[in-house]
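Structural description and commentary
The primary structure of each chain is shown beneath.
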Amino acid sequence: MQPSQTGDVPDLDVTPVMNLLVILIPFLVSMAVFTRLAVLEFSLPSNIGSGTSVGNEKPEPKLTVVVADAFCSITLGETMLDSIPIVNNSIETERLRERLTLHRASVTRADEIIVAVRNNVEFEQVVRVMDTCKNAGFTKIGLSNATENPHTGV
Amino acid sequence: MQPRIRTPACKKEGVPMLSLSRNKNMSNAVMKPQITSLIDVMTILLVFLMKSFSVEGNIITPASDLTLPLSASRTAPQPVTTIEITESAVRSGDEVIATHDSYRKNDSLFIPSLALWLSQHESFRKNEIMLQADKHLPFDILKRVMFTCSKSGRNDFTILVQQEE
C-alpha cells in the first residue's frame, strides 16, 4: 500500500520559523529595556545659596511643604496651613495632594512650590513629596533645607 | 529466521538478493528532533521581548551600587554632567570625588574636592547637573552636594529616578 493511501498528514516544516526566531530573539534581547528611567527637574529657591538679597522689596511668600521625620506641613510664609502626620515612615500622598490642591487656589503663585526638607529625611521621601506636588499641579518645584524652629522646636 | 527483502536490483539476474535485518532498517531512518515544544518557548519569549522592546533605549546608565527612588515622572533623561551619590562617596563614573567621611565632619556645606572637579569638567549644557542618589541617603548629603554645585554655577538640577509601573 502506498503512503498516500493510508491518509497520513504530512508534517509541517518549522525549520524556517526556527531560523527566524534564532535571529530575532538575540536582537530583541539586546534592545530590551527592563528598567525605565526618568528625571525630576527642580531648582534651588532664589534666596538660597547666594546669601545675598536683590532689591529692597519684600519677597512674596510661596507655598512651602516642610518634610520632617514625623510630619509633613504646608506653610505660607510664617503661617502653618496644614499638617499631615507621617506614620511608619510613609506619607499619605493622596491626602497631601488634596490639601495642596486646596491651598493652591488661595495663593498668587499657583504654579510654584518649595519643598523644605530636614537633614535626616530619606531621599526617597523627598522624591515622593516632589511627585505629589507635581500631581497637585505645581510645575516649578524648589528644593530647600528646613531648619528647626528654635521657638517651638518644630 | 531473518526476513529477506527483495529490492528492484535483486530482480536482475546475477545480482544477489539483499538480506537486511530489522536493526539495519532502523539505522537508515532519519531521526528528527522534536522542535514543537521549542517553538512554543520561542514564541512566548518573542512576545515578552517585543513587549519590552524600546527604540530609544536608555541614554543614561545608572550606577550599579545605588538604588534609585521610584517616581511617577515620565520626563526622559538627557545626557548632562552626572554626579552619583552612593552610601559611601560622591562619584562620577569610576572616579571618586569625595568620600562622605571626608567632609561630613565639617560644619560647612561646601565640598572643596567636588568644586574642584566641577571646575575641571564642563559639559555643553554648562548649568545643568544630574544627580543620581541612593533612595536611603539622608537629605543632609544631598544638600551639601547641591550647595557646592550652586556655588560652582550649576543651578539647574535633575534627579534620576526609576519610573513607577
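Bear in mind that the values here come from a model prediction, so they are computed numbers and not experimental data. Counting from 1, residues in each chain are numbered in the order their sequence is written. Written order determines the labels here, with chains lettered from A and ligands numbered from 1. Only residues with pLDDT of at least 70 get local features here, since the model is predicted, and only at 80 or more are side-chain atom pairs given and counted; chain-wide, interface and lining totals rely on the full set of residues. Think of the side-chain values as coming from all heavy atoms in the structure, minus any hydrogens and water.

What to know about unusual backbone geometry
Residues and elements named next belong to chain A.
- Its identity is not glycine, yet Asn 88 carries a phi of approximately 55 degrees, on the positive side.
- Helical segments are the DSSP runs of H or I of at least four residues, strand segments are the runs of E of at least two, and each set is numbered from the N terminus. With respect to the element layout, Asn 88 can be found in the loop between β4 (79-85) and α2 (93-104).
- At Asn 89, a residue that is not glycine, the phi angle is positive and equals roughly 60 degrees.
- Mapped onto the elements, Asn 89 comes out in the loop between β4 and α2.

Comments concerning the nonpolar core
- Only buried residues count toward a nonpolar core, which is a set of Ala, Val, Leu, Ile, Met, Phe, Trp, Tyr and Cys residues joined through side-chain atoms within 4.5 Å. The cut-offs for exposure are 20% and 50% of the maximum accessible area for each residue type, with area from a 1.4 Å probe on protein chains only; residues under the lower value are buried, those over the upper are exposed, and the others partly exposed. Ranked by internal contacts, the top residues of the largest apolar core, which has 52 residues, are A:Leu100, A:Leu143 and B:Ile83.
- A contact between two residues is defined here by any heavy atoms of the two lying within 4.5 Å. Among residues more than four places away in sequence, those in contact with A:Leu143 are A:Phe42, A:Ser43, A:Leu44, A:Pro45, A:Val115, A:Val117, A:Val126, A:Met130, B:Phe139, B:Leu142 and B:Met146.

Some details on the pairing of strand β2 (residues 82-85) of chain B
Residues and elements named next belong to chain B.
- Alternating residues of β2 divide into Thr 82 and Glu 84 and Ile 83 and Ile 85, and every residue in both groups is buried.
- Between any two strands, pairing holds if DSSP finds at least two bridges. With 4 bridges joining them, β2 and strand β5 (residues 128-133) adopt parallel strand pairing. Note on β5: the bridge partner recorded for Ile 83 is Leu 131.
- As judged from the 2 bridges shared by β2 and strand β3 (residues 89-92), these two strands associate in the antiparallel manner. Looking across to β3, one finds that Ile 85 is bridged to Val 90.
- Following β2, the chain reverses through 3 residues before pairing antiparallel with β3.

Details of the interface of chain A and chain B
- Of the residues lining the interface, 42 residues belong to chain A; the matching set on chain B comes to 50 residues.
- Accessible surface is computed with a 1.4 Å probe, and the buried area is the amount of it that two parts give up when combined, taken over both parts together. Per-residue buried area on chain A facing chain B is highest for A:Leu37, A:Val39 and A:Phe123; these three make up 19% of the total on that side.
- Between Lys or Arg on one side and Asp or Glu on the other, a salt bridge is scored when a side-chain nitrogen of the former is within 4 Å of a carboxyl oxygen of the latter. On inspection of chain A and its partner chain B, the count reaches 1 salt bridge.
- Between B:Lys135 and A:Glu124 there is a salt bridge; the shortest N-O distance is 3.9 Å.
- Polar contact criterion, stated in full: a pair of N or O atoms within 3.5 Å, where within protein one must be able to donate a hydrogen and the other to accept it, and residues adjacent in sequence count only if both atoms are side-chain atoms. At the boundary of chain A and chain B, one finds 15 residue pairs in polar contact (both at pLDDT 80 or more).
- Of all the elements in the fold, those that place two or more residues in the side of chain A that touches chain B are α1 (15-31), β1 (37-43), α3 (123-135) and β6 (140-145) of chain A.
- The dominant element in the side of chain A that touches chain B, judged by the number of residues it contributes, is α1(A), at 11 residues.
- Classes in brief: Ala, Val, Leu, Ile, Met, Phe, Trp, Tyr, Cys and Pro nonpolar; Asp, Glu, Lys and Arg charged; the others, Gly included, polar. Partitioned by chemical class, the residues of the side of chain A that touches chain B number 27 nonpolar, 8 polar and 7 charged.
- Of the strand pairs in this sheet, β1(A) and strand β6 (residues 156-163) of chain B are connected by 7 bridges, and their pairing is antiparallel. In the strand pairing of β6(B), A:Glu41 is matched with B:Thr158.

Regarding helix α5 (residues 139-151) of chain B
Residues and elements named next belong to chain B.
- Its 13 residues place the ends of α5 18 Å apart at the C-alpha level, agreeing with the 18 Å of an ideal helix rising 1.5 Å per residue.
- For α5, the tally of buried residues reaches 11 of 13 residues, placing the bulk of the element in the interior.
- Just downstream of α5 lies Gly 153, where phi reads positive at about 95 degrees. Given the number of residues in a helix, its expected span is that number minus one, multiplied by 1.5 Å.

Points about the packing of aromatic side chains
- Aromatic rings from Phe, Tyr and Trp, with only the six-membered ring used for Trp, were paired whenever their centres fell within 6.5 Å, and each pair was classed as stacked if the ring planes differed by under 30 degrees, edge-to-face if by over 60, and tilted otherwise. All chains considered together, the criterion is met by 1 aromatic pair over all chains.
- Where A:Phe42 meets B:Phe157, the ring centres are 5.6 Å apart and the plane angle is 10 degrees; that geometry is what we call stacked. A residue pair is termed interchain when its members come from two chains, as with A:Phe42 in strand β1 and B:Phe157 in strand β6.
- For a ring to carry a charge above it, either NZ of a lysine or CZ of an arginine must fall within 6 Å of the ring centroid while also lying within 35 degrees of the normal to the ring plane. The ring centre of A:Phe138 lies 5.6 Å from the NZ or CZ of A:Arg104, which sits over that ring.

Some remarks on helix α4 (residues 112-120) of chain B
All names here are of chain B.
- For α4, the complete set of buried residues consists of Leu 114, Ala 115, Trp 117 and Leu 118. On an axial view of α4, the arc spanned by its buried residues comes to 160 degrees, and they lie on one face. More than 90 degrees from the buried face of α4, the exposed residues found are Pro 112, Leu 116 and Gln 120. By arc we mean the arc of the directions from the helix axis to the C-beta atoms, nothing more.

What about the packing of α2(A) against α3(A)?
All names here are of chain A.
- For the pair α2 and α3, interaxial distance at closest approach is 9 Å and the crossing angle is 45 degrees. By the angle between their axes, α2 is oblique relative to α3. The handedness of the crossing between α2 and α3 comes out as right-handed. Taken together, the residues of α3 that come into contact with α2 (itself represented by Thr 93, Leu 96, Arg 97 and Leu 100) are Val 129, Thr 132, Cys 133 and Asn 135.
- Here the residues of the contact of α2 with α3 sort into 4 nonpolar, 3 polar and 1 charged. The axes used here are C-alpha line fits, helices contributing only the stretch in contact, and every angle between their N-to-C directions lies in the interval 0 to 180 degrees. Here the word oblique covers every angle except those under 35 degrees (roughly parallel), over 145 (roughly antiparallel) and from 65 to 115 (roughly perpendicular). Throughout, a crossing is termed right-handed when the near helix is turned clockwise from the far one, and left-handed when it is turned anticlockwise from it by less than a right angle.

Remarks on the pattern of salt bridges
All names here are of chain A.
- Per the stated rule, a full pass over the model turns up 12 salt bridges over all chains.
- In this structure, the salt-bridge partner of Lys 62 is Glu 112, at a minimum N-O distance of 3.1 Å. Of this pair, Lys 62 sits in the loop between β1 and β2 (63-67) while Glu 112 sits in strand β5 (residues 112-117); the two residues are 50 residues apart in sequence, bridging distant segments of the chain. Grouping residues by exposure puts Lys 62 and Glu 112 together as buried.

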